[in-house]
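Structural features, examined
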Amino acid sequence: MKAQQNFVGMTGGEGSTWYKVLAQRPGLYTRYPSIKDGVELKWDDPEFTSHKKRVVHMATILTVVGNPVKCEADLKEAGYSAIATGATEVHVYFDVL
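Scope of this entry: the structure provided in the associated data block.

Rules of the game
- Residues numbered from 1 in each chain as written.
- Predicted model: local features only at pLDDT ≥ 70, side-chain atom pairs only at ≥ 80, totals over all residues.
- Heavy atoms only, no water.
- Core = buried A, V, L, I, M, F, W, Y, C linked by side-chain atoms within 4.5 Å.
- Buried < 20%, exposed > 50% of the residue type's maximum accessible area, 1.4 Å probe, protein only.
- Helix = DSSP H or I, 4+ residues; strand = E, 2+ residues; numbered from the N terminus.
- Contact = heavy atoms within 4.5 Å.
- Pairing = 2+ DSSP bridges.
- Salt bridge = Lys/Arg side-chain N within 4 Å of Asp/Glu carboxyl O.

1. Let's talk about the nonpolar core
- F7, Y19, V21, L62, V64, C71, L75, Y80, A82, V90, V92 and F94 together form the largest nonpolar core, which totals 12 residues.
- Among the elements of the structure, β2 (19-31), β5 (55-66), α1 (68-77) and β7 (89-93) are those that each provide at least two residues to this core.
- Apart from the residues lying within four places of it in its own chain, the contact partners of A82 are E72, L75, K76, V90, H91 and V92.

2. Remarks on the pairing of strand β6 (residues 81-84)
- Two elements, β6 and β7, share 4 bridges in a ladder whose sense is antiparallel. Following the sheet pairing, S81 is matched in β7 by Y93.
- Here β6 folds back onto β7, and the loop between the two strands holds 4 residues.

3. Structural notes on the pattern of salt bridges
- One pass over the structure, following the stated rule, counts 5 salt bridges.
- Between E47 and K36 there is a salt bridge, and its shortest N-O distance comes to 2.9 Å. Taken as a pair, E47 in the loop between β4 (39-40) and β5 and K36 in strand β3 (residues 35-36) lie far apart in primary sequence, 11 residues in all.
- The partly exposed category is assigned to E47, whose relative accessible area is 31%.

4. Here's the deal with the pairing of β2
- Relative to β2, strand β1 (residues 11-12) is paired through 2 bridges, and the arrangement is antiparallel. By the bridge assignment for β2, T11 is matched with K20.
- Relative to β5, β2 runs antiparallel, the two sharing 12 bridges. Within β5, the position partnered with G27 by the bridge is A59.

Take a look at the structure:
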């Protein structure tokens, strides 16, 4: 997993895929995985629902102008765990299991 960094000013794409990161702020991301004996269970495991845990991860929330999906793709290509969550936001996750 990559370390946190400053993404402000990052640009990419061209035409309809162009984007620019205008700002970033710290945030948290909550997941509810099933963990048994230190191993995350897959959704089709018979014991999946009986081992749910609340896990909070650090995140960086990016404000993006342009195409957030292309920004997400570029971040993933660079080795980050990211997801476009709206028309102007991309969440970059750190310390994810």
